[in-house]
Amino acid sequence: MSAVHTPDRLAVADAVKRVVIAESRLSVPTSRISESEPLVGELLRVNSLGFVGMLVRIEDELDVVLPDDLFVGRTFHTVGDLIDVVADGAEAGR
Amino acid sequence: MVTAPPAGTPAATGSDARPGPASSPDALLTAAREAFAAAPPIGADAYHRYARELAARLTADWPALTRANRRDIERAERAGMPPVLVDRLRLTDDHLPRLTALADRAGHELAALTAADTGRPAGAWGTLRRVPRPLGVVLMVYEARPTVTVDGALLPVLAGNAVLLRGGKEMADTDAALAATAHAALRAAGLPTGLVTVLHDPRRALLRALLQRPDAIDVLIPRGSPSLIAHCRDAGRIPLIASGGGVNHLYVHASADLPLAATVTLDSKLPEPAGCTSVELVLADRSVATAYTAELLRQAERRGARFTVRLDPSVAPPAGGDPDRIAPLAEHDIGREFLDPVVGVLAVDGPGQAIAHIRRHGSGHTEGVLATDPDVAAGFTRAVDAAAVIVNGSLRLHDGPKLGLGTELAIATGRLHVRGPVTLGSLMTSGWVVEANGELRG
């Protein structure tokens, strides 16, 4: 199955931010999250055991299909790291 | 830093549902439905035998199960998974007596749940009996926790259901070993092994395909991260038994016994800071907010507990309190789960304001009130709509066994079928048997 469109980086950033907010059990607007925000810090609490849920949710939000191994072997520090990888994955899935 | 888990490895043991033709959605669902159709009626002796066999085989297989678990642990550690997450994957010797006790308890509960209904008169012509029935084929989707695989292989099956278990790929070897144990127990009990299917195929496409099959899956039970539950809720049309997050509050009324309120707060947080029944925000009447916070910090200090209060900046901090234990409550702390030994304290002007806050920010999971004024407590329980509302007690009382409701699979926050502890009885439905003696409708 291939994706029918490639979302732009802004759309990817918005989807990723919504998902990391939910994963961190927060109730804040996406505008509160910068790309330099640490994934594990004062505000966000993202952990790798939630990656399956995050990936399917991001796919839902962006209407794309991302590779199953998109996150495998990678290390993420900030929200921006996650956005970069998802944007690349969405592009590769075209 | 967040390091992704390693790719799923083929399971080392077990007999089902690896990637391949046999793990196509059609094949999996056909096998599960055939097993469900072939299974004996709910309450049959075979289910009681299964509970006993599973307990016995978990004990006998424990060395093999822990060896399989060590392989998963080593793989996770090699991949750089943080120790706190590795611990969630770990099967320890403390788990075994808990799991065998669970099987034993559930077996006893089954007898009570399936005891014959003596019936009630239907008019002057017949008798009506309510009889328990299984839900059907259940799909459980969860993240990597080995004990959930045992819960899932036990409780839904005792209720007469067939179950598909889709756990995290980080647990591939452990889950395969547990599947072998469950299958051996099913065989020994005389039940179809297809009643328990552990899905070893980690591809999300399989999960998506299963979620599109309301024709073959009767109930979906997701447990895990908010994203996973949201996806399961939104992706398909399968009825769902799900727990939302626990953005839980305690309201401390001016009439509250403040030492009790502090003790209850600490018991609602410290033993399981990231648990779904953990308290996140205390709404304290302004007139007692400082005194309550002082008592809270005093008790935490006495326990030597790692504990922080995020205090409403409009509340005067208690004199002489350890400043390292107090931080300012920020706007983003409202409506969040801290997942740590941290509690927010927000001043409110009376029960009306507390209830309005809970209605706006609560997740309908577990809410509590501390008050000696019975009218305040009664008003709170009438106005706050949550799966459980606790009066003058710990939020962690919201637990099936502790409440005497029975073993539980999860705590549900949905509004239909079950709300609160998802017990063995919640994994069944019921039907009517009508002894009509020739009566016609006319």
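Looking up chain B in an unreviewed UniProt entry gives the name Gamma-glutamyl phosphate reductase, with the organism given as Streptomyces harbinensis. UniProt lists a comment for chain B under the heading Function (unreviewed entry), and it reads "Catalyzes the NADPH-dependent reduction of L-glutamate 5-phosphate into L-glutamate 5-semialdehyde and phosphate. The product spontaneously undergoes cyclization to form 1-pyrroline-5-carboxylate." If you open the UniProt record of chain B and go to Catalytic activity (unreviewed entry), you find "L-glutamate 5-semialdehyde + phosphate + NADP(+) = L-glutamyl 5-phosphate + NADPH + H(+)".

Looking up chain A in an unreviewed UniProt entry gives the name Carrier domain-containing protein, with the organism given as Streptomyces cheonanensis.

Q: In this structure, what is going on with the packing of aromatic side chains? I would like to understand it.
A: Given two aromatic rings, one states the distance between the centres and the angle between the planes to describe the pair. What the rule picks out here adds up to four aromatic pairs over all chains. Geometrically, the ring pair formed by Phe51(A) and Phe76(A) is edge-to-face, given 5.8 Å between the ring centres and 90° between the ring planes. Note that Phe51(A) is positioned in helix α2 (residues 51–62) and Phe76(A) in strand β1 (residues 75–76), a separation of 25 residues in sequence. Given the relative accessible area of 4%, Phe51(A) is considered buried. For the ring pair Tyr251(B) and Phe380(B), a centre distance of 6.2 Å and an interplane angle of 15° mean the geometry is stacked. With Tyr251(B) in strand β8 (residues 248–252) and Phe380(B) in helix α12 (residues 374–383), the pair connects residues that are 129 residues apart, well separated along the chain.

Q: Before we go on, may I ask you to explain the interface of chain B and chain A in this structure?
A: How big an interface is tends to be stated in terms of the accessible area lost upon association of its parts. Every contact between the two is made by 36 residues of chain B and, on the other side, 38 residues of chain A. In this assembly, chain B packs against chain A so that about 3,200 Å² is buried in total across both faces, 52% of it on carbon and sulfur atoms. A salt bridge links Asp60(A) to Arg208(B); the nearest nitrogen and oxygen atoms lie 3.1 Å apart. For the interface between chain B and chain A, the tally reads 18 residue pairs in polar contact (both at pLDDT 80 or more). Per-element tally for the side of chain B that touches chain A: the top contributor is helix α8 (residues 226–235) of chain B, with six residues. Residue classes in the side of chain B that touches chain A are distributed as 16 nonpolar, seven polar and 13 charged.

Q: So what exactly am I meant to see when it comes to the sheet that holds strand β10 (residues 308–311) of chain B here?
A: Backbone-to-backbone hydrogen bonds join strands into a sheet, with any given pair of strands oriented parallel or antiparallel. Residues and elements named next belong to chain B. Reading across the sheet, the seven strands line up as β11-β10-β12-β9-β8-β13-β14 and stay open at both edges, with parallel pairing between neighbours. Two strands in the sheet have a free side with no partner beyond their single neighbour: β11 (326–328) and β14 (388–391). Neighbouring strand axes in the sheet, compared pairwise and without regard to direction, differ in orientation by 25° on average. Of the pairings in the sheet, the one linking β8 to strand β9 (residues 279–285) comprises five bridges and is parallel in character. Of the residues in β9, the one forming a bridge with Leu250 is Val282. The sheet strands contacting helix α9 (residues 258–267) are β8, β9, β12 (342–348) and β13 (366–370), and the helix crosses β8 at an angle near 170°.

Reading guide: rules and limits
Residues numbered from 1 in each chain as written. Chains lettered and ligands numbered in written order. Predicted model: local features only at pLDDT ≥ 70, side-chain atom pairs only at ≥ 80, totals over all residues. Heavy atoms only, no water. UniProt positions renumbered as here; feature names shortened; annotations may be inferred. Phe/Tyr/Trp six-rings, centres within 6.5 Å; stacked < 30°, edge-to-face > 60°. Helix = DSSP H or I, 4+ residues; strand = E, 2+ residues; numbered from the N terminus. Buried < 20%, exposed > 50% of the residue type's maximum accessible area, 1.4 Å probe, protein only. Contact = heavy atoms within 4.5 Å. Buried area = accessible area lost by both parts, 1.4 Å probe. Salt bridge = Lys/Arg side-chain N within 4 Å of Asp/Glu carboxyl O. Polar contact = N/O pair within 3.5 Å; in protein donor to acceptor, adjacent residues only side chain to side chain. Nonpolar A, V, L, I, M, F, W, Y, C, P; charged D, E, K, R; others polar. Pairing = 2+ DSSP bridges. Axes fitted to C-alpha atoms, helices over the stretch in contact; angles between N-to-C directions.

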